[in-house]
Amino acid sequence: MVEQQQRKNGDQVEEARRQRAGIAAFLAGLISTLAFFAFGPGLPHVIDWGAILVALAVGVLARWACQSRMTRAARKKHEDL
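Residues numbered from 1 in each chain as written. Predicted model: local features only at pLDDT ≥ 70, side-chain atom pairs only at ≥ 80, totals over all residues. Heavy atoms only, no water.

### A few points about the overall build of the protein chain
At step 1: Counting secondary structure elements, the protein chain contains 2 helices and 0 strands.
At step 2: Counting all 81 residues of the protein chain, 15% fall into the buried class.
At step 3: A separation threshold of at least 6 residues defines the contact pool for the protein chain, and within that pool the share at least 24 residues apart is 62%.
At step 4: Carbon and sulfur atoms make up 63% of the accessible area of the protein chain, which amounts to about 6,600 Å² in all. (Helix = DSSP H or I, 4+ residues; strand = E, 2+ residues; numbered from the N terminus. Buried < 20%, exposed > 50% of the residue type's maximum accessible area, 1.4 Å probe, protein only. Contact = heavy atoms within 4.5 Å. Areas by Shrake-Rupley, 256 points an atom, 1.4 Å probe, with all protein chains shown as cover.)

Okay, here's the thing in structure tokens:
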């Protein structure tokens, strides 16, 4: 019974950590893409709707990559136990 509670609490902590990392990865992808479009050499230095949509897509892709990597690492960790 106690082991189940500890596992449940550990899973909640791991999920919260995974969620925070996903948010950080999304923001990093979004901001870096917008910065690229704003300050990239040879670009018109205009943030339009296309740049915003691309930045959102890159942010979503970064979040997905981060969370899938963390999930894979957690599975591997649980398999080793």
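### Here's the deal with the packing of aromatic side chains
At step 1: Applying the stated criterion across every chain, the model contains 1 aromatic pair.
At step 2: Here the aromatic rings of phenylalanine 36 and phenylalanine 37 are separated by 5.6 Å at their centres, their planes lie at 65°, and the arrangement is edge-to-face.
At step 3: Note on phenylalanine 37: relative accessible area 22%, which makes it partly exposed. (Phe/Tyr/Trp six-rings, centres within 6.5 Å; stacked < 30°, edge-to-face > 60°.)

### Section: the pattern of salt bridges
At step 1: In the structure shown here, the tally under the stated rule is 2 salt bridges.
At step 2: The closest approach of N and O atoms between arginine 17 and glutamate 14, which form a salt bridge, is 3.2 Å. With arginine 17 and glutamate 14 both in helix H1 (residues 2-39) and 3 residues apart, the pair spans about one turn of that helix.
At step 3: When its relative accessible area of 45% is taken as the criterion, arginine 17 is described as partly exposed. (Salt bridge = Lys/Arg side-chain N within 4 Å of Asp/Glu carboxyl O.)

### Side note on a nonpolar patch on the surface
At step 1: Taken together, the side chains of Ile47, Trp49, Ile52, Leu53 and Leu56 make up a nonpolar region of the molecular surface, amounting to roughly 510 Å² of accessible area.
At step 2: When you line up the elements, isoleucine 52 lands in helix H2 (residues 49-80).
At step 3: Judged by its relative accessible area of 30%, isoleucine 52 is partly exposed. (Patch = residues over 30% accessible without salt bridge, like charges linked within 9 Å, V, L, I, M, F, W, Y side chains within 5 Å.)

### Here we look at the side chain of threonine 33
At step 1: On the secondary structure map, threonine 33 appears in helix H1.
At step 2: In this structure, threonine 33 is in contact with Val54, Ala55 and Val58, ignoring residues within four places of it in sequence.

### Comments concerning the side chain of glutamine 67
At step 1: Mapped onto the fold, glutamine 67 is located in helix H2.
At step 2: Given the relative accessible area of 10%, glutamine 67 is considered buried.
At step 3: Apart from residues no more than four positions distant in its own chain, glutamine 67 is found in contact with Arg18, Gln19 and Gly22.

### Let's talk about the environment of alanine 38
At step 1: Along the polypeptide, alanine 38 turns up in helix H1.
At step 2: The exposure class of alanine 38 is partly exposed, given its relative accessible area of 21%.
At step 3: In the structure, alanine 38 is positioned 10 residues away from aspartate 48 in sequence and 10.0 Å away in space, judged by C-alpha atoms.
At step 4: For alanine 38, the residues in contact, after removing those within four places along its chain, are His45 and Ile47.

By themselves these figures say nothing about function.
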